[in-house]
Amino acid sequence: ASFGFAFALVPMYNIACEKVFGIKLDSTASAEPVAVNSTIDEKRTVQVFFDGSVNSKLPWQFSPNQASMTVVPGKMYEASYTARNTANFASVGNAAPSVAPNQYSGFFNKTECFCFTEQALAPGESREMPVRFIVSADLPKEITTMTLSYTFFINDAATAKLSAVSANGSARAAP
């Protein structure tokens, strides 16, 4: 049942993107994918800044892999962040995104994001976490910069569950 559910998530995600956000991804796109049926404003650019932080309860380091990116509204782009678990135990975190200026956050559409699901990292594990996004061509012309920011918070319940599973696995492995 779990396998079937996981297998069904991809088409459900694509349908949700198309119905909720009006974004249909073109899988036959060239090196720079764009959203099908979206307007591209080739005469305009927007500077997108990236920021990342961690709540003090989560023993991770988390930061963007690039400080900023110049984007053309209507085109799809990918940026990435890196997370590293600095603790000697596995932990689970959830990322809370925000976009500034806040009143224009509806013009910043994430099509794939690590923030959509919880993230588990083993002790000392590092992972690159990509985010794919489109800045809408409908963004008011006076807005020339936006900031995508994430704060990671510990998921206490999932971390405890992960620790219990690890402990039970260790107990079984002991002679």
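Peer 1: Got a sec to walk through the pairing of strand 5 (residues 68–71)? Specific residues and values, please.
Peer 2: Only one face of strand 5 is buried: it carries M69 and V71, and the other face, with S68 and T70, is open. The pairing of strand 3 (residues 46–54) with strand 5 spans four bridges and is classified as antiparallel. Within strand 5, the position partnered with V48 by the bridge is M69.

Peer 1: Tell me about the pattern of salt bridges, and name the residues and values.
Peer 2: For the structure shown, the criterion picks out five salt bridges. Between E78 and R132 there is a salt bridge, and its shortest N-O distance comes to 3.8 Å. Of this pair, E78 sits in strand 6 (residues 76–85) while R132 sits in strand 10 (residues 126–135); the two residues are 54 residues apart in sequence, bridging distant segments of the chain. A relative accessible area of 47% means that E78 is categorised as partly exposed. Taking the shortest distance from any N to any O, the salt bridge between R127 and E125 comes out at 3.1 Å. What makes R127 partly exposed here is its relative accessible area of 25%. Bridged by salt links that share partners, the residues E78, E112 and R132 form one connected network.

Peer 1: Any chance you could break down unusual backbone geometry for me, citing the residues and the numbers?
Peer 2: With omega at 0°, the peptide bond leading from A100 into P101 counts as cis. Looking at the element boundaries, P101 is found in the loop between strand 7 (91–100) and strand 8 (108–113).

Peer 1: Break down the packing of aromatic side chains for me, with residues and values.
Peer 2: This structure, assessed with the given rule, holds 13 aromatic pairs. With centroids separated by 4.9 Å and ring planes inclined at 15°, the aromatic side chains of F108 and F133 adopt a geometry described as stacked. With a gap of 25 residues between them, F108 in strand 8 and F133 in strand 10 connect regions that are remote in the sequence. Classification of F108 by relative accessible area gives buried; the value is 4%. Centroid distance F114 to F152: 6.0 Å. Interplanar angle 15°. Geometry classified as stacked. Taken together, the positions of F114 in the loop between strand 8 and strand 9 (119–121) and F152 in strand 11 (residues 145–154) put the pair 38 residues apart, joining distant regions of the chain. For the residue pair F114 and F152, the accessibility class agrees, reading buried in each case. Taken together, the ring pairs connect F50, W60, F62, Y77, Y81, F108, F114, F133, Y150 and F152 into an aromatic cluster.

Peer 1: Describe the nonpolar core, with residues and values.
Peer 2: The nonpolar side chains of a soluble globular protein tend to be buried, and buried together. Formed by 31 residues in total, the largest nonpolar core has its most connected members in F114, F133, M146 and Y150. Not counting residues within four places of it along the chain, the set of residues in contact with M146 comprises V46, Q47, V48, F49, V99, A100, P101, Y104, F108, V135 and L139.

Peer 1: Summarise the sheet that holds strand 6; cite the residues concerned and give the values.
Peer 2: Spatially, the four strands line up as an open sheet ordered 4-6-10-8, and their pairing is antiparallel. The open sheet has two edge strands with one neighbour each: strand 4 (60–64) and strand 8. If you compare each strand with its neighbour and ignore which way they point, the axes differ by 30° on average. Relative to strand 6, strand 4 runs antiparallel, the two sharing five bridges. Looking at strand 6, one finds that Q61 is bridged to R84.

Peer 1: Hey, could you go over the sheet that holds strand 7 for me, with residue numbers and the actual values?
Peer 2: Across the sheet, which stays open at both edges, the five strands sit in the order 5-3-11-7-9 with mixed pairing between neighbours. The sheet terminates laterally at strand 5 and strand 9, the two strands that pair on one side only. Averaged over all adjacent pairs, the angle separating strand axes in this sheet is 30°, with direction ignored. Of the strand pairs in this sheet, strand 7 and strand 11 are connected by eight bridges, and their pairing is antiparallel. Bridged to P97 within strand 11 is Y150.

Rules behind the numbers
- Residues numbered from 1 in each chain as written.
- Predicted model: local features only at pLDDT ≥ 70, side-chain atom pairs only at ≥ 80, totals over all residues.
- Heavy atoms only, no water.
- Buried < 20%, exposed > 50% of the residue type's maximum accessible area, 1.4 Å probe, protein only.
- Helix = DSSP H or I, 4+ residues; strand = E, 2+ residues; numbered from the N terminus.
- Pairing = 2+ DSSP bridges.
- Salt bridge = Lys/Arg side-chain N within 4 Å of Asp/Glu carboxyl O.
- Phe/Tyr/Trp six-rings, centres within 6.5 Å; stacked < 30°, edge-to-face > 60°.
- Core = buried A, V, L, I, M, F, W, Y, C linked by side-chain atoms within 4.5 Å.
- Contact = heavy atoms within 4.5 Å.
- Axes fitted to C-alpha atoms, helices over the stretch in contact; angles between N-to-C directions.

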